[in-house]
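Here is how the chains run, residue by residue.
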Amino acid sequence: MTFQEIVEHIKQSLAEEFVLSVNEQASPKCIEVPAEKLVELMAFLQSNDKLYFDSLSCITGLDNGSEAGTMEVIYNLYSIPFNLHLMVKVTLDREKPLIDSLCPLWKTADWHEREAYDMYGIHFNGHPDLRRILMPADWEGYPLRKDYEEQKYYHGVTVKY
């Protein structure tokens, strides 16, 4: 199935508003969806006989900066039996980056969502154990946000960069 066929299949099976935009220049090709439709769309992509995206390969956060006022969560999916790749992107409000967890659909979402939380401060509703995974539990701030200010001291020890 081609990328265009996947997009049309989503629109015909669910609704037109599930696909806000497409980016055929991205690798893999990407669709942007409304945040409130994410879980429904992902459940469809996972369970549909023609698509069967059985693997959530990666979840990535992206801070577009305070000027844009948005953050993005990018999901890379793979269908092992059909050898299909798809990127799904949602845009969130930077001041309150909040999205529903995909842990009920894919077990791999657990650590990926924790990493996006740890590095960007993106909160995943319904995550079973949303806590830091890379930084110490008491670390201040989110290191990959564009407005992150490095700590000068951690537990009384100078943090050198």
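(A) Layout of the pattern of salt bridges. Applying the stated criterion across every chain, the model contains seven salt bridges. Note that Asp63 is salt-bridged to Arg94, the shortest N-O span being 2.6 Å. Taken together, the residues span a long stretch of sequence, with Asp63 in strand β3 (residues 55-63) and Arg94 in the loop between β5 (84-93) and β6 (98-100) at a distance of 31 residues. The residues Asp63 and Arg94 share a single accessibility class, namely buried. Between Asp129 and Arg131 there is a salt bridge; the shortest N-O distance is 2.8 Å. A relative accessible area of 31% places Asp129 in the partly exposed class. Judged by its relative accessible area of 45%, Arg131 falls in the partly exposed class. Through salt bridges that share partners, Asp63, Arg94, Arg145 and Asp147 make up one connected network.

(B) Inspection of the sheet that holds strand β2 (residues 30-32) at higher detail. Ordered by their spatial adjacency, five strands build an open sheet running β1-β2-β5-β4-β3, and the pairing between neighbours is mixed. The sheet terminates laterally at β1 (21-23) and β3, the two strands that pair on one side only. Taking each pair of neighbouring strands and ignoring which way they run, the sheet shows an average axis angle of 20°. As paired elements, β2 and β5 share three bridges and run parallel to each other. The residue bridging Ile31 from the neighbouring strand is Val88, located in β5. Lying on the sheet, helix α2 (residues 38-47) is in contact with β2, β4 (70-79) and β5; it crosses β5 at an angle near 175°. Along the sheet face, helix α4 (residues 109-120) touches β3 and β4 and points at about 10° away from the line of β3.

(C) The arrangement of the environment of Thr70 in detail. In this fold, Thr70 is placed in strand β4. Along the backbone, Thr70 and Gly141 are 71 residues apart, and their C-alpha atoms lie at a distance of 17 Å. If near-sequence neighbours (up to four positions away) are discounted, Thr70 is found in contact with Asp63, Asn64, Gly65, Thr91, Leu92 and Arg94. At a separation of 2.9 Å, a polar atom in the side chain of Thr70 contacts the side chain of Asn64.

(D) A look at α2. All of the buried residues in α2 are Leu38, Leu41, Met42, Phe44, Leu45 and Gln46. In this fold, the buried residues of α2 make contact with α1 (3-13), β2, β4, β5 and β6.

Rules used throughout
- Residues numbered from 1 in each chain as written.
- Predicted model: local features only at pLDDT ≥ 70, side-chain atom pairs only at ≥ 80, totals over all residues.
- Heavy atoms only, no water.
- Salt bridge = Lys/Arg side-chain N within 4 Å of Asp/Glu carboxyl O.
- Helix = DSSP H or I, 4+ residues; strand = E, 2+ residues; numbered from the N terminus.
- Buried < 20%, exposed > 50% of the residue type's maximum accessible area, 1.4 Å probe, protein only.
- Pairing = 2+ DSSP bridges.
- Axes fitted to C-alpha atoms, helices over the stretch in contact; angles between N-to-C directions.
- Contact = heavy atoms within 4.5 Å.
- Polar contact = N/O pair within 3.5 Å; in protein donor to acceptor, adjacent residues only side chain to side chain.

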